[in-house]
Amino acid sequence: MKIDAVTIFPEYFSPLKLSLLGKAQEAGLVEFGIHDLRSYATNVHNQVDDTPYGGGAGMVMMPEVWGQALDKLMEIDSDLIILTPAGKRFSQSMAAKFSTASHLVFACGRYEGIDDRVRQYYQSKNFRVHEVSIGDYVLGGGEVASLVMIEAITRLIPGVLGNPESLAQESHNEQDYLEYPNFTKPATWRDISVPEILLSGNHGEIAKWRAAQAVERGKSNL
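Below or above, wherever it landed, is the structure these notes cover.

Cut-offs and rules
- All residue numbers refer to position in the chain's written sequence, counted from 1.
- With pLDDT at 70 or above as the cut-off, local features in this predicted model cover only qualifying residues; side-chain atom pairs require 80 or more to be listed or tallied, and sums for whole chains, interfaces and linings still use all residues.
- Excluding hydrogens and water, the side-chain values take into account all heavy atoms of the structure.
- What counts as a helix is a DSSP run of H or I of at least four residues, what counts as a strand is a run of E of at least two, and both are numbered from the N terminus.
- Values of the radius of gyration come from C-alpha atoms, whereas the globule rule sets the reference at 2.2 Å times the count of residues to the power 0.38.
- A simple rule labels every residue: compare its accessible area, found with a 1.4 Å probe on the protein chains alone, to the largest value its type can have, and call it buried under 20%, exposed over 50%, or partly exposed in between.
- For Phe, Tyr and Trp, where Trp contributes only its six-membered ring, two rings pair if their centres lie within 6.5 Å, and the inter-plane angle classes them as stacked under 30 degrees, edge-to-face over 60, or tilted in between.
- Throughout, the arc means the angular range of directions from the helix axis out to the C-beta atoms.

Next up on the list: the overall build of the chain. Each helix and strand counted, the chain has seven helices and nine strands in total. A globule of 222 residues ought to have a C-alpha radius of gyration of about 17 Å, yet the chain, at 22 Å, is considerably larger. With the C-alpha coordinates aligned to their principal axes, the bounding extent of the chain is approximately 70 × 40 × 35 Å. Classification of the 222 residues of the chain by burial places 38% in the buried group.

In total, this model carries three aromatic pairs according to the counting rule given. The interplanar angle of 55° and the centroid separation of 5.9 Å between the aromatic rings of Tyr122 and Phe127 together place this pair among those described as tilted. What links up through ring pairs into an aromatic cluster is the set Tyr121, Tyr122 and Phe127.

The next point concerns helix 1 (residues 19-26). Among all positions of helix 1, only Leu21, Gly22 and Ala24 are buried. Projection of helix 1 onto a plane perpendicular to its axis shows the buried side chains occupying an angular sector of 160°, all on one side. In this structure, helix 1 carries Ser19, Lys23 and Glu26 as exposed residues pointing more than 90 degrees from its buried face. Two residues or fewer past helix 1, Gly28 is found with a positive phi of approximately 80°.

And the structure:
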């Protein structure tokens, strides 16, 4: 998979070099490209925003500079993801769908967002354009949201996780399953003991206990 991100703060994406994502790049499973939006600005001040038509607080990111950046990145099979609090809520099922894409382009807006004509233009050219939010709150920009999505998406690509069984037994899978609580050594820590059933070696009963715990977690999250 190829992933590009357009931002005025390229440094935000330095974590992509770490942990599983770093290993995925070394293995050739994922290719990242980070692009500085200001390098596409057309004036001496590298301006990327201006005041909104109709008045109002804040600044809006200009369509021309975004067009210059995205024209160089968008391909026939590209999915353009515009991060915005007004977008569709990101979910595990959405992550699964994006994990099968060949090319994702993340547009990281700032200020009051990106001029809506950017979305309109690329939709009119038959590109797949998605407005996405990671939750019902407002961030300073789309960079953090992009990192959240990238991590959720790329770990679903075959070969990225060391143990693919982890995907089958984790929270928020296709069945809206919440994972059971996990424990490791020592058997007692600060006077709290691991449940006896997990020490029994009875894998059938352990499976039943874990299933029941997952159901209880689901109830507590309603």
